[in-house]
Amino acid sequence: DNRKVAIFWDYENCSPPVSSRAFTIVNSIRRIAHIFGSVTTFKAYLDMSEQSSENAVAFRSELQSSGVSMIDCPHDGRKDVVDKMILADMLVFAIDHHSPATVILISGDRDYACTMSALRLKQYNVILIAPPNIHPSL
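Here's what I pulled together on the structure shown here. (Residues numbered from 1 in each chain as written. Predicted model: local features only at pLDDT ≥ 70, side-chain atom pairs only at ≥ 80, totals over all residues. Heavy atoms only, no water.)

## A word on the overall build of the chain
From N to C terminus, the chain includes four helices and five strands. Seen in sequence order, the chain has helices and strands lined up from the N terminus as β-α-β-α-β-α-β-α-β. In summary, the chain has a C-alpha radius of gyration of 15 Å against a globular reference of 14 Å for 138 residues, a match within 12%. Seen through its principal axes, the chain has C-alpha atoms that stretch 40 × 35 × 30 Å. Counting all 138 residues of the chain, 41% fall into the buried class. Long-range pairs, those at least 24 residues apart, make up 75% of the contacts in the chain with a sequence separation of at least 6. Of the accessible surface of the chain, which amounts to about 7500 Å², a share of 53% is contributed by carbon and sulfur atoms. (Helix = DSSP H or I, 4+ residues; strand = E, 2+ residues; numbered from the N terminus. Rg over C-alpha atoms; globule rule 2.2 N^0.38 Å. Buried < 20%, exposed > 50% of the residue type's maximum accessible area, 1.4 Å probe, protein only. Contact = heavy atoms within 4.5 Å. Areas by Shrake-Rupley, 256 points an atom, 1.4 Å probe, with all protein chains shown as cover.)

This is the structure we're talking about:
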């Protein structure tokens, strides 16, 4: 199967409770992703300095052990750092993997709506995993 899948997780804005098991969450996401092809990229984006509790560090360690690349996005007084990093990585994926390919975005942030629509127009399969009550533009 040569269908490629990339998973981009806006962990900063869509993080599970640290009491949950990262292995279980990653396996659930992976099962969804494998419906659409093989996963080439699985990244989670956050400012790690804001997630320094012992439970948060243990959870991130489990994510990393599960094959998730943790992308540190220090804010340093700037806004939308995570959003811009995810958008850039989505663009690079689209350049490197022509459609049919699948982008899975885990977020509830409507800043991604335009990019998601543009990818759909180019016949990428775009899957959104989001918390309830997201904005209809997503």
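Okay, back to it.
## A few points about the sheet that holds strand β1 (residues 4-9)
In spatial order, the strands read β3-β2-β1-β4-β5; together these five strands make up an open sheet with parallel pairing. Each edge of the open sheet is held by one strand with a lone partner, namely β3 (69-72) and β5 (125-129). On average, each strand axis in the sheet is tilted by 20° relative to the strand beside it, whichever way the strands run. Contacting β4 (101-106) and β5, helix α4 (residues 113-121) runs over the sheet at an angle of about 150° to β5. (Pairing = 2+ DSSP bridges. Axes fitted to C-alpha atoms, helices over the stretch in contact; angles between N-to-C directions.)

## Re the environment of V103
Looking at the element boundaries, V103 is found in strand β4. Classification of V103 by relative accessible area gives buried; the value is 1%. Sequence separation between V103 and L87 is 16 residues; the distance between their C-alpha atoms is 11 Å. Those residues in contact with V103 that lie beyond four places of it in its chain are A6, F8, M90, F93, L119, N125, V126 and I127.

## What to know about the environment of F23
Topologically, F23 is positioned in helix α1 (residues 22-34). As a C-alpha pair, F23 and M90 span 67 residues in sequence and 24 Å in three-dimensional space.

## What to know about the packing of α1 against helix α2 (residues 54-65)
Where α1 meets α2, the axes come as close as 8 Å, and the angle between the chain directions of the two elements is 40°. By the angle between their axes, α1 is oblique relative to α2. You can see that α1 and α2 cross each other, and the crossing is right-handed. Residues A22, F23, I25 and V26 of α1 form the contact with α2, whose own contacting residues are F59, E62, L63 and S65. For the contact of α1 with α2, the residue count by class is six nonpolar, one polar and one charged. (Parallel < 35°, antiparallel > 145°, perpendicular 65-115°, else oblique. Left-handed = near helix turned anticlockwise from the far one by under 90°. Nonpolar A, V, L, I, M, F, W, Y, C, P; charged D, E, K, R; others polar.)

## A look at the side chain of D10
In this fold, D10 is placed in the loop between β1 and α1. We note that D10 is buried and unpaired, the nearest opposite charge coming from R110 at a distance of 12 Å. Within polar-contact distance, the side chain of D10 engages the side chain of N13 at 3.0 Å. With residues near it in sequence (within four places) discarded, D10 still touches Y45, V82, D83, I86, I106, S107, D109 and Y112. (Lys, Arg positive; Asp, Glu negative; His and termini not counted. Salt bridge = Lys/Arg side-chain N within 4 Å of Asp/Glu carboxyl O. Polar contact = N/O pair within 3.5 Å; in protein donor to acceptor, adjacent residues only side chain to side chain.)

## Here's the deal with the pairing of β3
Put simply, side chains in a regular strand alternate between the two faces of the sheet. Note that strand β2 (residues 38-46) and β3 share four bridges and pair parallel. Each bridged residue has a counterpart across the sheet, and for K43 the counterpart in β3 is S69. A crossover connection joins β2 to the parallel β3 through α2; in handedness this β-α-β unit is right-handed. (Right-handed = clockwise from strand over helix to strand, strands pointing away.)

## Focus: the packing of aromatic side chains
Taken as a whole and assessed by the stated rule, the structure comprises three aromatic pairs. Relative to F93, the ring of F8 lies with its centre 6.5 Å away and its plane at 75°, an arrangement referred to as edge-to-face. Residue F8 is located in strand β1, and its partner F93 is located in helix α3 (residues 81-96); the two are separated by 85 residues in the primary sequence. Considering the side-chain rings of Y11 and F59, the 6.2 Å spacing of their centres and the 35° angle between planes classify their relative orientation as tilted. Here F59 lies in helix α2 and Y11 lies in the loop between β1 and α1, a separation of 48 residues in the sequence. (Phe/Tyr/Trp six-rings, centres within 6.5 Å; stacked < 30°, edge-to-face > 60°.)

The analysis is restricted to geometry; functional conclusions fall outside its scope.
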